[in-house]
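Examination of the molecular architecture
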Amino acid sequence: MKKERIQAIFNRIAPVYDRMNDQFSWGQHRIWKKMAIAWSQAQPGQTGLDLCCGSGDLALLLAQRLGREGQVFAVDFSCDQLAHAQRREKPFTFPLAAINWVEADALHLPFADQTFDCATMGYGLRNVIDIPSSLEELHRVLKPGATAAILDMNRPNDPWLRRFQQWYLDSLVVPTAERLGFKEEYAYINPSLDQFPSGCQQVALARAAGFRRASHYPIAGGMMGVLVVTKTVNTQQ
């Protein structure tokens, strides 16, 4: 799928994106995002990156983890998603890191080499038009020793779970989206999963991009997964 079409999809669904995520995952996406934050090894006072930030869920969780002395750069190429993220009510009463909302392409980040101490990415890797290039760009902007956690949907290995996932998307998700006028925007999920690399393939792509430490952790029966990558201190290895 071309970049412009993906961009248009996320611009269109921006007003309903949070409600759809809650409904279709039974609220579980909030738990998965907290798991990704933990895997990113983000620490108070650091500078963090949230790629493909969408409506800002992960960016806010990252800002909570980094605290008052930290800083978050939340990046998305959907201007409507960014506008929604900036307007949303912050769910925390304690100090958060400052969040900088940046409209940019994950394949061409407007940051210097070795800028970030940690990074997250939620449901973005499956939607970039060039996964190897996006991983190389992420590697470039991370500091040596920094870890990134990349959460996304996956095709489970178990054939029964795979059938259930396909049935759920086709029989429940798409009809619900259609009633709200977003059939095309959600019908693309199933074919996108067919083309998305498996967990093992994601690890191989991450290592080819320069990450010598890469692991993939299946969650929700393998229907979701988190790719965890760390940039080694010796970047010449």
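Below, the structure is looked at part by part. The structure presented is a predicted model; accordingly, all values stated were derived computationally and were not measured. Position numbers for residues start from 1 in each chain and track the written sequence from start to end. For this predicted model, a pLDDT threshold of at least 70 governs which residues receive local features, and a threshold of 80 or more governs which side-chain atom pairs are given and counted, while totals over whole chains, interfaces and linings are taken from all residues. Just so you know, side-chain values use all the structure's heavy atoms and leave hydrogens and water out.

In this section: the overall build of the chain. Counting its secondary structure elements, the chain contains ten helices and seven strands. Taking 2.2 N^0.38 as the reference for a compact globule, 237 residues should give roughly 18 Å; the C-alpha atoms of the chain span a radius of gyration of 17 Å, in line with that estimate. Principal-axis analysis of the C-alpha atoms places the extent of the chain at approximately 45 × 40 × 30 Å. A simple rule labels every residue: compare its accessible area, found with a 1.4 Å probe on the protein chains alone, to the largest value its type can have, and call it buried under 20%, exposed over 50%, or partly exposed in between. Across the 237 residues that make up the chain, the buried fraction comes to 56%. By definition, residues are in contact when any of their heavy atoms lie within 4.5 Å. Sequence-distant contacts in the chain: of pairs separated by 6 or more residues, those separated by 24 or more amount to 75%. Areas reported as accessible are Shrake-Rupley estimates using a 1.4 Å probe. Residue values count occlusion only from the protein chains shown. With an accessible surface of roughly 11,100 Å², the chain has 52% of that area assigned to carbon and sulfur atoms. Comment: elements are numbered from the N terminus, with helices defined as DSSP H or I runs of at least four residues and strands as E runs of at least two. Radius of gyration: over C-alpha atoms. The globule rule applied is 2.2 Å multiplied by the number of residues raised to the 0.38 power.

Attention now moves to the packing of helix α2 (residues 17-25) against helix α7 (residues 159-179). The geometry of α2 relative to α7 is characterised by a closest axis approach of 11 Å and an angle of 145 degrees between their N-to-C directions. Note that α2 runs across α7; the crossing there is right-handed. Residue-level contacts link Met20, Gln23 and Phe24 of α2 to Tyr168, Val173, Thr176 and Ala177 of α7. Three residue categories are used. Nonpolar comprises Ala, Val, Leu, Ile, Met, Phe, Trp, Tyr, Cys and Pro, charged comprises Asp, Glu, Lys and Arg, and polar comprises the others, including Gly. Considered class by class, the residues forming the contact of α2 with α7 number five nonpolar, two polar and no charged. Comment: axis = line fitted to C-alpha atoms, over the contacting stretch for helices; angle = value between 0 and 180 degrees taken between N-to-C directions. Crossing handedness: left-handed means the near helix sits turned counterclockwise from the far one by under a right angle, and right-handed means the same turn made clockwise.

Here the focus is helix α10 (residues 199-208). Buried within α10 we find Gly199, Gln202, Val203 and Ala206. Buried residues of α10, viewed axially, fall in a sector of 100 degrees; they line one side. Of the residues in α10, the exposed ones pointing more than 90 degrees away from the buried face are Cys200 and Ala208. Here the buried face of α10 lies against α6 (131-141), β6 (213-219) and β7 (224-230). Looking at the residues trailing α10, positive phi occurs at Gly210, about 120 degrees. The arc in question is the one traced by the directions running from the helix axis out to the C-beta atoms.

We now examine the packing of aromatic side chains. When the centres of two rings from Phe, Tyr and Trp lie within 6.5 Å, Trp using its six-membered ring, the rings pair. Their planes under 30 degrees apart give stacked, over 60 give edge-to-face, and anything left gives tilted. Counting across every chain of the model gives six aromatic pairs. With 5.7 Å between their ring centres and 70 degrees between their planes, Phe73 and Phe116 make a pair best called edge-to-face. Taken as a pair, Phe73 in strand β2 (residues 71-76) and Phe116 in strand β4 (residues 116-122) lie far apart in primary sequence, 43 residues in all. Take Phe73 and Phe116: they sit in the same class, and that class is buried. With 5.0 Å between their ring centres and 90 degrees between their planes, Phe111 and Phe116 make a pair best called edge-to-face. The buried category is assigned to Phe116, whose relative accessible area is 0%.

Bringing the sheet that holds strand β1 (residues 47-51) into the picture now. Pairing between strands requires that DSSP locate at least two bridges from one strand to the other. In space, the seven strands of this open sheet follow the order β3-β2-β1-β4-β5-β7-β6, with mixed pairing throughout. Of all the strands in the sheet, the pair left with one neighbour each is β3 (98-103) and β6. Each neighbouring strand pair of the sheet contributes to a mean axis angle of 15 degrees, computed without reference to strand direction. Across four bridges, the pairing between β1 and β4 is parallel. Across the sheet, the residue bridging to Leu49 is Ala119, located in β4. Where helix α3 (residues 28-39) meets the sheet, its contacts fall on β4, β5 (142-153), β6 and β7, and the angle it forms with β5 comes to roughly 165 degrees. Packed onto the sheet, helix α4 (residues 57-66) meets β1, β2, β3 and β4 and runs at close to 170 degrees relative to β1.

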